[in-house]
Amino acid sequence: MGMVKEKVLITDIDVQRLDISHKSILLNFKSYEQELVDFLIEDALDNQNKKISATYLWFYKPTKELVGYVSVLTDAINLQGELKEYFRQKHILYKSLPSLKIGRLCVSDDYLGRGIGTLMIKFVIILAEKIGNDVGLRFIAVDAKRNQDPKRDSVHFYKRFEFESLKQREKGPLPMFKDLIKK
Ligand SMILES: CC(C)(COP(=O)(O)OP(=O)(O)OC[C@H]1O[C@@H](n2cnc3c(N)ncnc32)[C@H](O)[C@@H]1OP(=O)(O)O)[C@@H](O)C(=O)NCCC(=O)NCCS
């Protein structure tokens, strides 16, 4: 039986907006999703400078380690099919509605299963509520990475936070959304 690791508390986390001073720290970040490591090292700061996405680094205070990151950007969700019908019934006839998109979200391999992913989702929800006070914002959206291994399939992770799938797809990431107005 594997050892149950203690959950990480939000008070033990220091969130820092990515900047040039972090460059060398990024090289130590490890994830089984290599594409998410590559994005962090190669593209995250460049995208942020170009105002394409903003990246928040998560440090675990007791060890000062970089334990995760999340990149967000603004987006819109096209209302199609069931979702279009749902909003029509509410007399909302727009073709699309604004969303905050989770472009990338990743917890380092050494810290998986300790609740950091959950804290990151809570962080994004709070961020969305904050932004949503100043601008229109109805959804949080994500293209969830699939994995053959159900324990690594992030669709299951997002479903825990009441993300719903936008449309069925055979291949590639699954577009999902969370309505910020609870039904
Ligand atoms: C998905 C990910 C962010 C989860 O982070 P985490 O810190 O391990 O998640 P948590 O510890 O908060 O897990 C919360 C719960 O979800 C479950 N869970 C975590 N990852 C899961 C996954 N990939 N599939 C299904 N369930 C998952 C956990 O078992 C846990 O349940 P418990 O509370 O009953 O123990 C992490 O696995 C990761 O970074 N994966 C690689 C990158 C990735 O897939 N990112 C998302 C793509 S956009």
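Coordinates for the structure precede this section.
Attention in this report is confined to the structure presented alongside it.

Procedures and definitions
- Residues numbered from 1 in each chain as written.
- Predicted model: local features only at pLDDT ≥ 70, side-chain atom pairs only at ≥ 80, totals over all residues.
- Helix = DSSP H or I, 4+ residues; strand = E, 2+ residues; numbered from the N terminus.
- Rg over C-alpha atoms; globule rule 2.2 N^0.38 Å.
- Buried ≥ 20, exposed ≤ 12 C-beta atoms within 10 Å, placed from the backbone.
- Contact = placed C-beta atoms within 7 Å.
- Near = placed C-beta within 6 Å.
- Nonpolar A, V, L, I, M, F, W, Y, C, P; charged D, E, K, R; others polar.
- Core = buried A, V, L, I, M, F, W, Y, C linked by C-beta atoms within 7 Å.
- Pairing = 2+ DSSP bridges.

Quick notes on the overall build of the chain
For the chain, the count of helices and strands is five helices and seven strands. Beginning at the N terminus, the succession of helices and strands in the chain can be written as β-α-α-β-β-α-β-α-β-α-β-β. The C-alpha radius of gyration computed for the chain amounts to 17 Å, which stays within 12% of the reference 16 Å derived for 183 residues, consistent with globular compactness. With the C-alpha coordinates aligned to their principal axes, the bounding extent of the chain is approximately 50 × 40 × 30 Å. By the burial criterion, 26% of the 183 residues in the chain qualify as buried. The long-range share in the chain, meaning contacts at least 24 apart out of those at least 6 apart in sequence, stands at 64%.

A closer look at the site of the ligand
Close to the ligand lie 23 residues; G117, T118, K145, S154 and H156 are nearest. Partitioned by chemical class, the residues of the shell around the ligand number nine nonpolar, seven polar and seven charged.

Section: the nonpolar core
Membership of the largest hydrophobic core comes to 34 residues, with the highest contact counts inside it found for I116, M120 and M176. Secondary-structure elements contributing two or more residues to this core are helix 2 (34–49), strand 2 (54–60), strand 3 (65–78), strand 4 (96–107), helix 4 (116–134), strand 5 (139–144) and strand 7 (174–179). Not counting residues within four places of it along the chain, the set of residues in contact with M120 comprises W58, G68, V70 and L105.

Describing the pairing of strand 2
One ladder, built from five bridges, connects strand 1 (residues 13–17) with strand 2; its direction is antiparallel. Paired with V15 across the two strands is W58, which belongs to strand 2. Here strand 2 runs beside strand 3; their pairing, made up of seven bridges, is antiparallel. Paired with L57 across the two strands is Y69, which belongs to strand 3. Where strand 2 folds back on strand 3, the antiparallel hairpin that results is connected by four residues, among which K64 adopts a positive phi of roughly 60°.

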